[in-house]
Structure formats: structure tokens, C-alpha cells
Amino acid sequence: MSDALLLTLIISGGFALVAFIISVVLTPLVGLLARRAEIVDRPTAEPKKLHHRPIPLLGGAAIFLTITVLLSLLLHDKSTDILTSGLVRPMHYLGFLLGGAILMIGGFLDDKFTLPPKVTILFPFLAALTAVLAGIGVSKVSNPIGGGTLEISQTLSAAITFVWLLVVMYTTKFLDGMDGLATG
């Protein structure tokens, strides 16, 4: 094993431990905040609502904050370029984090006020647009028929990326039928 690979594994393991600790600390704090702000899922007669007491919402905020802290630490760590050694640039991470923040704000507002679908669709739309404007996209795809790659124009890349992000966000939303399922 090379020294560089060993160093990367050690650094990654350290950051994984930090991520674990941050999420373990933040999760109950966010739960407490949700309870105090009355942002809870109350039991009803719906078949999906099997709980017997109010369950705090906003659990994704602890995960998002953990990811934000870790990405910030890794991007500012001068001993490694583990996140930016390839084609991914800090601007891409900024787009990812800003898009995530938009989704978190939308989720918070929806959990607090039960927004109508015509309003909630704005948040994934804005998040996907933010990611695309930050330069996240695909420039090449492997030829599915075999041999070589296909170059994609920036305009087509932006359209594919935007639609792909919306499809993935809504697939996750539709599949999320239990507390914590999408996060897991």
C-alpha cells in the first residue's frame, strides 16, 4: 500500500469518526428543537401512521448539518485534496450544499406549515437549478452500443442534470414511507 493511499485512509477514517460524533450529538438536539417548535408528526388513523405518540420531524437537518460541517472541513484541510483532485471543484460542492440548504428550508416549511404541492415543488426546482448553475453536470457518457464516449453539449448537460436531479428527488420522496427511510 502506498504512503499516499495510507494517509488518505487514515484521514478518511478520522473524518468518518468526526461525522459519526457530530451526527450523534446533533440528532437528539434537532429532535428536541422539533418538539419545542411543535414540528412533529402526530398519530392519525392513516395506515402509514403507526406510531402512538408524536414523532419529531427535521431529522434530515442533523444529517445535512453533519455533511456540511464535514465537507467544509475536508475542503479546507490543506493536507489532502481528496475531494478536489479530479474534475470536481469547490464550486460544485457549493452548488451541492446550497441546493441541499434550499431543500432543507423547503422541508422545514412543509413540516411546519404543510405546504400545498404547488408550493413544495418550487424547492426541488430551485435546488436542481442551483446545482446546474454551480456547474454540476455531465460532459461525456459511455456509448451504450459499445466503444468510446459521447460528448454532450453544455446545454444538453444542464437539461439532463436538471431533469435527473428532479427525478431522483421525487423518487426518494415517493419511496419515503417511514420515518428515516430516505435517510437510511
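Structure first, text after, so check above.
Let me sum up the structure you'll find in this document.

With respect to the overall build of the chain
Then comes step 1: The number of helices and strands found in the chain is six helices and four strands.
Then comes step 2: Overall, the chain shows an N-to-C arrangement of helices and strands of α-β-β-α-α-α-α-β-β-α.
Then comes step 3: Each of the 184 residues in the chain was classed as buried or not, and the buried ones make up 24%.
Then comes step 4: Sequence separation of 24 or more characterises 55% of the internal contacts of the chain that already satisfy a separation of 6 or more.

Comments concerning the side chain of T161
Then comes step 1: Following the sequence through the fold, T161 ends up in helix α6 (residues 154-175).
Then comes step 2: Beyond its immediate sequence surroundings of up to four residues, T161 is in contact with V132, I136, G137 and V138.

Concerning the packing of aromatic side chains
Then comes step 1: According to the stated counting rule, one finds one aromatic pair in the structure shown.
Then comes step 2: Their ring planes at 85 degrees and their centres at 5.1 Å tell us that F125 and F162 sit as a pair that is edge-to-face. In this pair, F125 is assigned in helix α5 (residues 122-133) and F162 in helix α6, connecting sequence segments 37 residues apart.

As for a nonpolar patch on the surface
Then comes step 1: Judged by side-chain polarity, L17, F20, I21, V24, V25 and L29 come together as a nonpolar surface patch covering roughly 580 Å² of accessible area.
Then comes step 2: The topology assignment puts L17 in helix α1 (residues 3-36).

Things to note about the nonpolar core
Then comes step 1: Judged by nonpolar contacts, F15, I22, F64, L70, L71, L74, L83, Y93 and L97 together constitute the single largest core of nine residues.
Then comes step 2: At the level of elements, α1, α2 (59-76) and α3 (90-113) are the ones that each hand at least two residues to this core.
Then comes step 3: With four residues, the single largest contributor to this core is α2.
Then comes step 4: When sequence neighbours within four positions are dropped, the list of residues in contact with L71 reads L83, Y93, F96 and L97.
Then comes step 5: Counting residues in hydrophobic clusters, the runner-up holds seven residues, among them A34, L57, A61 and A62.

A closer look at the pattern of salt bridges
Then comes step 1: According to the stated counting rule, one finds one salt bridge in the structure shown.
Then comes step 2: Among the ionic pairs, R42 bridges to E38, the shortest N-O distance being 2.8 Å.

Quick look at unusual backbone geometry
Then comes step 1: Positive phi outside glycine occurs at E38, with the angle close to 60 degrees.
Then comes step 2: Positionally, E38 belongs in the loop between α1 and β1 (40-41).
Then comes step 3: The backbone phi angle of T114 is positive, close to 50 degrees, even though this residue is not glycine.
Then comes step 4: Residue position: T114 is located in the loop between α3 and α4 (117-120).
Then comes step 5: The class of T114 is exposed, set by a relative accessible area of 65%.

A look at the packing of α3 against α5
Then comes step 1: It is at 8 Å that the axes of α3 and α5 come closest, and there the two elements cross at 175 degrees. With respect to α5, the element α3 is oriented roughly antiparallel. Together, G95, L98, G99, I102, L103, I105, G106 and L109 of α3 and F123, P124, L126, A127, T130 and A131 of α5 make up the contact between the two elements.
Then comes step 2: Its residues assigned to classes, the contact of α3 with α5 shows 10 nonpolar, four polar and no charged.

Cut-offs applied
- Residues numbered from 1 in each chain as written.
- Predicted model: local features only at pLDDT ≥ 70, side-chain atom pairs only at ≥ 80, totals over all residues.
- Heavy atoms only, no water.
- Helix = DSSP H or I, 4+ residues; strand = E, 2+ residues; numbered from the N terminus.
- Buried < 20%, exposed > 50% of the residue type's maximum accessible area, 1.4 Å probe, protein only.
- Contact = heavy atoms within 4.5 Å.
- Phe/Tyr/Trp six-rings, centres within 6.5 Å; stacked < 30°, edge-to-face > 60°.
- Patch = residues over 30% accessible without salt bridge, like charges linked within 9 Å, V, L, I, M, F, W, Y side chains within 5 Å.
- Areas by Shrake-Rupley, 256 points an atom, 1.4 Å probe, with all protein chains shown as cover.
- Salt bridge = Lys/Arg side-chain N within 4 Å of Asp/Glu carboxyl O.
- Core = buried A, V, L, I, M, F, W, Y, C linked by side-chain atoms within 4.5 Å.
- Axes fitted to C-alpha atoms, helices over the stretch in contact; angles between N-to-C directions.
- Parallel < 35°, antiparallel > 145°, perpendicular 65-115°, else oblique.
- Nonpolar A, V, L, I, M, F, W, Y, C, P; charged D, E, K, R; others polar.

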